[in-house]
Amino acid sequence: MMTRKLLLDMDTGIDDAMAITYALADGSADLIGVTCCFGNVTNQTAVRNTLDLLSLMGHPDIPVFCGAEHPLNEDSFEVSEGCLRIHGQNGLGNVTLPHVGKASDIPAPDFILKAAQKYGPDLILVATGAMTNLAAALRKDPETFSKIGKIVFMGGALTVEGNVTPYAEANIAVDPLAAKEVLESGLPMTMVGLDVTHKNLLTRKDAGRWERHGKAGKALFDIVAHYIDNELEQKSCSLHDPLAVAVALDETLIETHPFAMTVITEGEAAGRTVARSFADQCRNKNVSVALETSPRFVPEFVGKVEAFLTETEKNTTD
Ligand code: RIB
Ligand code: CA
């Protein structure tokens, strides 16, 4: 049992799947659960994918929680054409995994608060989808939410263009209000945005190292190959969500600069993450924005996942 407890909140598509695998592979914090939300896929598909992946990776015991079905200010959600292309119809590159297990009855925001209350400073929350579950937990009980030891999110773009519009990154664009409420909460958090995730790329050759390691390795490779093959401009994929998990577990992987961040919620620039500039608004520079990463990350990521898949293969054939 580790002292550090890790809780992932995600819209389980392909890079989220790699993030789950990395969290298990790194092993320096106990993965206590995964809360799901809409984004790359519907919330229900995110739950299904998470249950199936955890089982594939030898951890069917880790609980999975249903979260937001749609953005705070809307009453429905449809998966975008872009997500269907990049992540496949099922969010896992059209690779079908055996369906295993079922989600907990506890709603995602309640589990986030329960974990905050129980583990306090030892809890690390990593969000790699829309920030809707986090905003719901914050609205419900800000005092308990503030007990979380560390919050890291993959999202936003401060010094570079967005990936769904010239202004906005996908996780923020999908629910700008939720992200605004979380960023403006004043709580300390780390932003792992496109500023750094676009600099950390995985090639087919690297992912190919996982392919020969049993059922789990083959499936993970097939899932990731879809992601790489659907990148239009490069023959590699950005390691968005795995980088956020890695940073949460090892802060020395990035260099950050503190800002008082907010999110534009309306108009052409909706979803844009910006640093606030008025003196009274920017006294609390609560968001550490990652601007540089260590070259260690990609090789460590590939190697740790390979070692983990080797172990998983041994344990499943024994
Ligand atoms: O912009 C990249 C992010 O959007 C990643 O978290 C990806 O999984 C999608 O949710
Ligand atoms: Ca994601």
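As a starting point, this report considers the structure included with it. Please read all numbers here as calculations on a predicted model, not as lab measurements.

The next subject is the overall build of the protein. Across its full length, the protein holds 13 helices and twelve strands. In terms of its C-alpha atoms, the protein occupies a principal-axis envelope of roughly 60 × 45 × 40 Å. Burial status across the protein gives 54% buried among its 318 residues. Long-range pairs, those at least 24 residues apart, make up 82% of the contacts in the protein with a sequence separation of at least 6.

Strand order in the open sheet formed by eight strands is S3-S2-S1-S4-S5-S6-S12-S9, with mixed pairing between adjacent strands. At either margin of the open sheet sits one strand with a lone partner, and together these are strand S3 (64-65) and strand S9 (254-259). Contacts between helix H4 (residues 108-119) and the sheet are confined to strand S1 (5-10), strand S2 (30-36), S3 and strand S4 (123-127), with S2 contributing the most and set at about 155 degrees to the helix. This element, helix H12 (residues 240-249), spans S1, S4, strand S5 (150-154), strand S6 (189-192), S9 and strand S12 (287-293) of the sheet and lies at about 160 degrees to S5.

This part is about the coordination of the calcium ion (ligand 2). Protein-derived coordination of the calcium ion (ligand 2) comes from Asp11 (OD), Asp16 (OD), Asp16 (OD), Thr128 (O) and Asp241 (OD), at a distance range of 2.2 to 2.7 Å. Each donor residue of the calcium ion (ligand 2) belongs to the same chain, with the gaps between them written as D-x4-D-x111-T-x112-D. Of this pair, Asp11 sits in the loop between S1 and helix H1 (14-26) while Asp241 is found in helix H12, placing the two residues 230 residues apart along the sequence. Residue classification places Asp241 among the buried positions, given a relative accessible area of 1%.

With that out of the way, let us pick up the site of ligand 1. Neighbouring ligand 1 are Asp11, Asp15, Asp16, Asn40, Thr128, Met154, Asn163, Glu169, Ala170, Asn171, His240 and Asp241. In the model, an oxygen atom of ligand 1 is placed 3.0 Å from a nitrogen or oxygen of the Thr128 main chain. In the environment of ligand 1, an oxygen atom lies 2.4 Å from a nitrogen or oxygen atom belonging to the side chain of Glu169. Alone, ligand 1 offers 280 Å² of accessible surface; in the complex the protein occludes 96% of this.

Turning to unusual backbone geometry, a few remarks are in order. In the Ramachandran plot, Asn94 falls in the positive-phi region, its phi being about 65 degrees despite a non-glycine side chain. On the secondary structure map, Asn94 appears in the loop between helix H3 (81-87) and H4.

As a packed pair, H1 and helix H11 (residues 214-229) sit with axes 9 Å apart at the nearest point and diverge in direction by 140 degrees. Regarding the angle of H1 to H11, the classification is oblique. In the packing of H1 onto H11, the handedness of the crossing is left-handed. The segment H1 lies against H11, with Ile14, Asp15, Met18 and Thr21 engaging Leu220, Ile223, Val224, His226 and Tyr227. Here the contact of H1 with H11 is built from residues that sort into six nonpolar, two polar and one charged.

The rules we used
- Every chain begins its residue count from 1, and numbering advances along the sequence as written.
- As they are written, the chains are lettered A onward and the ligands numbered 1 onward, keeping that order.
- Predicted model: local features are reported for residues with pLDDT of at least 70 only, side-chain atom pairs are reported and counted for 80 or more only, and whole-chain, interface and lining totals are derived from all residues.
- As a convention, hydrogens and water are excluded, and side-chain values are obtained from all of the structure's heavy atoms.
- The way it works is that DSSP assigns letters per residue, a run of H or I at least four long becomes a helix, a run of E at least two long becomes a strand, and they are numbered from the N terminus.
- Residue burial is assigned from relative accessible area. The probe radius is 1.4 Å, only protein chains are included, and a residue is buried under 20% of its type maximum, exposed over 50%, and partly exposed in between.
- By definition in these notes, contact holds between two residues if any of their heavy atoms fall within 4.5 Å.
- By this definition, two strands are paired if DSSP reports at least two bridges between them.
- Axis angles are defined between N-to-C directions and span 0 to 180 degrees, where every axis is a line fitted to C-alpha atoms and, for a helix, only to the segment in contact.
- Listed donors are limited to N, O and S atoms within 2.8 Å of the metal, widened to 3.2 Å for Na, K and Ca; water is not among them, so incomplete-looking sites are possible.
- The cutoff for a nearby residue is simple: one of its non-hydrogen atoms must lie within 4 Å of the molecule or strand.
- N or O atoms closer than or at 3.5 Å make up a polar contact, with two conditions inside protein: a donor-capable atom paired with an acceptor-capable one, and, for residues adjacent in sequence, both atoms drawn from side chains.
- For the accessible areas, the method is Shrake-Rupley and the probe is 1.4 Å, while residue cover comes only from the protein chains on display.
- Angular relationships are summarised with four words: roughly parallel below 35 degrees, roughly antiparallel beyond 145, roughly perpendicular across 65 to 115, and oblique for the angles in between.
- Note on convention: near helix rotated counterclockwise from far helix by under a right angle means a left-handed crossing. Clockwise means right-handed.
- For this scheme, ten residues count as nonpolar: Ala, Val, Leu, Ile, Met, Phe, Trp, Tyr, Cys and Pro. Four count as charged, namely Asp, Glu, Lys and Arg, and the remainder, Gly too, count as polar.

Honestly, it's all geometry; don't read function into it.
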